[in-house]
Structures are given as structure tokens and as C-alpha cells.
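# Summary of structural features
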Amino acid sequence: MKNFLERYFQLSSNGTTIKREFIAGIITFLTMSYILVVNPNILADAGMDREALFTTTALATIVATLLMGFYAKLPIAQAPGMGLNSFFAYSVVLTMGYTWQFALTAVFIEGIIFLLLTFFNVRELIVRSIPKVLKEAIPAGIGLFITLIGLKSAGVVVSDPNTLVRLGDFSQHTVWMTFMGLIVTGVLLMRNVNGAILFGILSATIFGLILGDVALPTSIVALPPSIEPIFGEAIKPMFTAEGWNQIMSIDMVVVVFTFLFVNLFDTVGTLIGVISKTNLADKNGNFPQMKKALFTDAMGTTVGSILGTSSVTSYVESASGVASGGRTGLTAVSVAVMFALALFLGPIFLIIPAAATAPALIIVGLFMISSVTRINFDKLSDGLPAFLTIVFMPFTYSIAEGIVFGMLSYTILKLGAKEHKDITPTVYVLSILFLLKIVLDVVTK
């Protein structure tokens, strides 16, 4: 087995080892395991079965991440996307008034369209056409975004009706758990200790046990709930005349387009941001496995919808595993293994609180923002689009929105500066589509 893993994932040539890859996978799992709790809670608000959603969330993550590991051979995990699940539950179902079965069908159609776009290289063309300055800005923006996620989950930063955000309550134990993990992680990183981020997570969890905020599990093993209440609901409308009327409706087109838009650019932003921190990308931010990565994303969404969950996408938390040394698909495989164990050992894995994983996100944010040093801010036609890309991600809580406004401003400023040669035909098309999307959002509100 050791020889097979070495040959298949080319560990030596990528400067990594089996141990390092599995540690990276465990760290990625710990930083994204919250999805096992959050996704069922959100989708349950749409009327779906919460217990079935726990199992479906894990299964969709396992299938999609294994595909990423074995087929694309990238250290990136996939799972039902945050933001996409909120749009599914709160916009499509609770606001627009459609059933969750309708929303699942929209996700399934989105996955099929993604498969076609990937097969004909449209998605890869889009990724490769993103200007280099924006490819440098995207990782920096994602770094700030995931830092905000970490600070928010720990209660270090909280909402405020007057100022939007403010410093949290330092009497809360979660704040001190986060700082404990952050200090331990930082010290160990300075001493070049492998698995420093993992040790930081464990130290924060142990600190939580001492404070009484983390309880030992009451059981060790539990069978996963059945997915029967939600399995296959995405494709049932295709077998009835009424279902086809819904599929061919304008409302379905609007919903599918929104899913497509958000998922495409969340995935693109995550891939560029995470891969930029490895030795896999060239000087323009492109990497040879790009098409395979996009294919696994499309397959994950398609399979996930049949299992009964919202769109599956590449997870920005994968950067924590990459920062810990993950370089190949073996990292993704180990993430999938951890989620498989979590199906049966949930009481153990889920005692780790969000405050304990927050330091990992903050540290990764530090690593990712370093790409900002390669941006020439003195050249305004490059600097302003890069700046907008970076700040829109955390301030709108969306990777996709950062790319939208970064790309639009890039096109407009390059035209204004008469630097037409820097704008590719694909960038023109994307900018027009982004404008249409903004207009559509305004009209439909």
C-alpha cells in the first residue's frame, strides 16, 4: 500500500510524505467539520429531515472529495457550500415559496450544466482568462475572508447594529480558547513543528475541556441515520408532466442561473487561492489538473443533489491542510476517510468546537494574504481592481462577489486607460454577464 500511494500520488516528487498528507487531511477535516452540523440545520429550515441531512452531508462530502483526491489528485476537499445552502433554504424555499424538492431539482440541473461546460472546456477557459493581477488578489481576499470566518466563529468579532462589527465579549471562554490555539500554533510554526496547526486545534480543545465548555462524548459509536426521506427527490420531477412544467419554467431558469453563478466563482476563487499556495501552479496561477478539478466539482454537485443536499463546492478551508504541508490528492483522500469515520464516530469528532478550529483559519489567512506583495498598487488600472477584489470578499461575505466587482472594475479601468490589449475576449464576456446579473438582481427585488 505504501508503494502504491507513493507511485500514484508521486509523493516524493511533490516534496511530501504519507504522514504529512494524512496530517494535512485531518487538519482540513477539523476546520470544515462544522458543515456536518451547520448544513443540516440550515436545510432543515426548508422542511427537510435534519437527521437524514447529517448522513447526506457526510456522504456527499466523501464522494466529491474522493473524486478530487483520486481523479484530480489535488489536496482540496469538497462539501455542500456555505452561502449556497442559505440561498437554497431562505431564498428559493422560504422567500420565493418553492418546495425543497424544486430547489434540489435546480441543483441537479446546475450540476448537469456544469458537467457540459467542463466537457467543452468553458469553465477552464474562464479560469485561465482571469487576469494575473486578480489571481494574485483572490488569495489575499480569501485570506481576509476566512480570517473573518474564524474570528466570527470564535466570538472575537461580533455583529453590531450601528457599526456592523465590533470586538466581542472577552468574558466568553470561546475567545480565550481561540487565542490559546493561536498562540500555540504560532509558536510551533516558528519552531518548524510539523502539524503545528493540528496541535493548536487540540490545545484549544483541551483548554475548552478545562474551562468546562467542551464536554466529553457520552457515547463513542452511533449508526448514521437513513437518507430515505430526501434521497432521489431531485430527479423525481423528471418522471411527471407537472415536474417538467416546473423544470421548463422561467423561475427554474432564474434559480439555476443563480446557483450556477455563485458556485462557479466560489469554486474558481477557492481553486486559485488554495493552489497558489502549493508548487502546482505556474507563474500565471494555472495548473494542469484544472479541468479535472472542475469536473469533480460538477460531479459532486450532481451526486449531492441526488443524495439530497444543496450544491457541492471546493472548500476554502482546504488551505489549512495545504499550509500544513498537504500537496497531493492523498490529503483529500484522508479528508474523505475522516468524514467516513465521522458518520459512525460523530460523538467524538463533533466535540471539537468552532473556537478550537478558528486559530487554523486565522493562521491560514496570514499565509494567503502574502500574495498581496506581488500586486503593483501604484498602477491604478491593476491596483484598484485588485483592491476591490480583496475587500469585497470579507465585506460582502462572498468570494464570488469579490471576483465580480474585481473583474468589472478591471475591464472598465483598462478601457479607460486605453489598455485594451490586457482585456481578453473571455473577460469582456464575463464582464457583460456580471452586469446582467447585477441588473437581474435589481429587477427581481
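Let me begin by describing the structure that accompanies this report. (Residues numbered from 1 in each chain as written. Predicted model: local features only at pLDDT ≥ 70, side-chain atom pairs only at ≥ 80, totals over all residues. Heavy atoms only, no water.)

This paragraph deals with the overall build of the protein chain. The secondary structure content of the protein chain amounts to 19 helices and four strands. Its C-alpha atoms give the protein chain a radius of gyration of 21 Å, near enough to 22 Å, the size a compact globule of 445 residues would have. Projected onto its principal axes, the C-alpha coordinates of the protein chain cover approximately 60 × 55 × 55 Å. The buried share of the protein chain, reckoned over its 445 residues, is 55%. Partitioning the intrachain contacts of the protein chain with sequence separation of at least 6 by distance along the chain shows that 79% fall at a separation of at least 24. As presented, the protein chain carries roughly 18900 Å² of accessible surface, and 68% of it is formed by carbon and sulfur atoms. (Helix = DSSP H or I, 4+ residues; strand = E, 2+ residues; numbered from the N terminus. Rg over C-alpha atoms; globule rule 2.2 N^0.38 Å. Buried < 20%, exposed > 50% of the residue type's maximum accessible area, 1.4 Å probe, protein only. Contact = heavy atoms within 4.5 Å. Areas by Shrake-Rupley, 256 points an atom, 1.4 Å probe, with all protein chains shown as cover.)

This part takes up the nonpolar core. Of all hydrophobic cores here, the largest spans 109 residues; its most connected members are Leu-74, Phe-88 and Phe-259. Take this core: its biggest share by element is 12 residues, from helix α12 (residues 250–275). What Phe-88 contacts, discounting residues up to four positions off in sequence, is Leu-43, Met-48, Val-93, Trp-100, Ala-103, Leu-104, Val-107, Phe-259 and Ser-310. (Core = buried A, V, L, I, M, F, W, Y, C linked by side-chain atoms within 4.5 Å.)

What follows is about the environment of Ile-399. Here Ile-399 is to be found in helix α18 (residues 399–416). Using a relative accessible area of 5% as the deciding quantity, one classes Ile-399 as buried. With 132 residues separating them in the primary sequence, Ile-399 and Thr-267 have C-alpha atoms 8.9 Å apart.

Further remarks concern the side chain of Thr-389. Looking at where Thr-389 falls in the secondary structure, it is placed in helix α17 (residues 380–396). Given a relative accessible area of 1%, Thr-389 falls into the buried group. Setting aside residues up to four positions removed in sequence, Thr-389 forms contacts with Leu-134, Ala-137, Ile-138, Gly-402 and Gly-406.

Across four bridges, strand β2 (residues 157–160) lies against strand β3 (residues 164–167) in antiparallel orientation. By the bridge assignment for β3, Asp-160 is matched with Leu-164. Counting the residues in the hairpin turn of β2 and β3 gives three residues. (Pairing = 2+ DSSP bridges.)

It is the contact of helix α2 (residues 18–32) with helix α15 (residues 329–349), at a shortest axis distance of 8 Å, that shows an interaxial angle of 50°. When the axes of α2 and α15 are compared, the pair comes out oblique. Crossing geometry of α2 relative to α15 is assigned as right-handed. Taken together, the residues of α15 that come into contact with α2 (itself represented by Ile-18, Glu-21, Phe-22, Ala-24, Gly-25, Ile-26, Thr-28, Phe-29 and Met-32) are Leu-330, Thr-331, Ser-334, Val-335, Met-338, Phe-339, Ala-342 and Phe-349. (Axes fitted to C-alpha atoms, helices over the stretch in contact; angles between N-to-C directions. Parallel < 35°, antiparallel > 145°, perpendicular 65-115°, else oblique. Left-handed = near helix turned anticlockwise from the far one by under 90°.)

With that settled, consider the packing of aromatic side chains. Within the structure shown, the criterion is met by 13 aromatic pairs. Their ring planes at 10° and their centres at 4.2 Å tell us that Tyr-98 and Phe-102 sit as a pair that is stacked. Classification of Tyr-98 as buried rests on a relative accessible area of 19%. On the basis of relative accessibility, which here comes to 2%, the residue Phe-102 falls in the buried class. Their ring planes at 90° and their centres at 5.1 Å tell us that Phe-119 and Phe-120 sit as a pair that is edge-to-face. (Phe/Tyr/Trp six-rings, centres within 6.5 Å; stacked < 30°, edge-to-face > 60°.)

Another point: the pattern of salt bridges. For the structure on display, the rule yields nine salt bridges. For Glu-136, the salt bridge goes to Lys-132, with nearest N and O atoms at 3.0 Å. Residue Glu-136 and its partner Lys-132 are located together in helix α8 (residues 132–154), separated by four residues, close to a single helical turn. A relative accessible area of 10% places Glu-136 in the buried class. Asp-382 is the partner of Lys-414 in a salt bridge, and the nearest nitrogen-oxygen pair spans 3.0 Å. Residue Lys-414 is found in helix α18, and its partner Asp-382 is found in helix α17; the two are separated by 32 residues along the sequence. A relative accessible area of 1% places Lys-414 in the buried class. What emerges from the salt-bridge pattern is a single network uniting Lys-379, Asp-382, Lys-414, Glu-419 and Asp-422. (Salt bridge = Lys/Arg side-chain N within 4 Å of Asp/Glu carboxyl O.)

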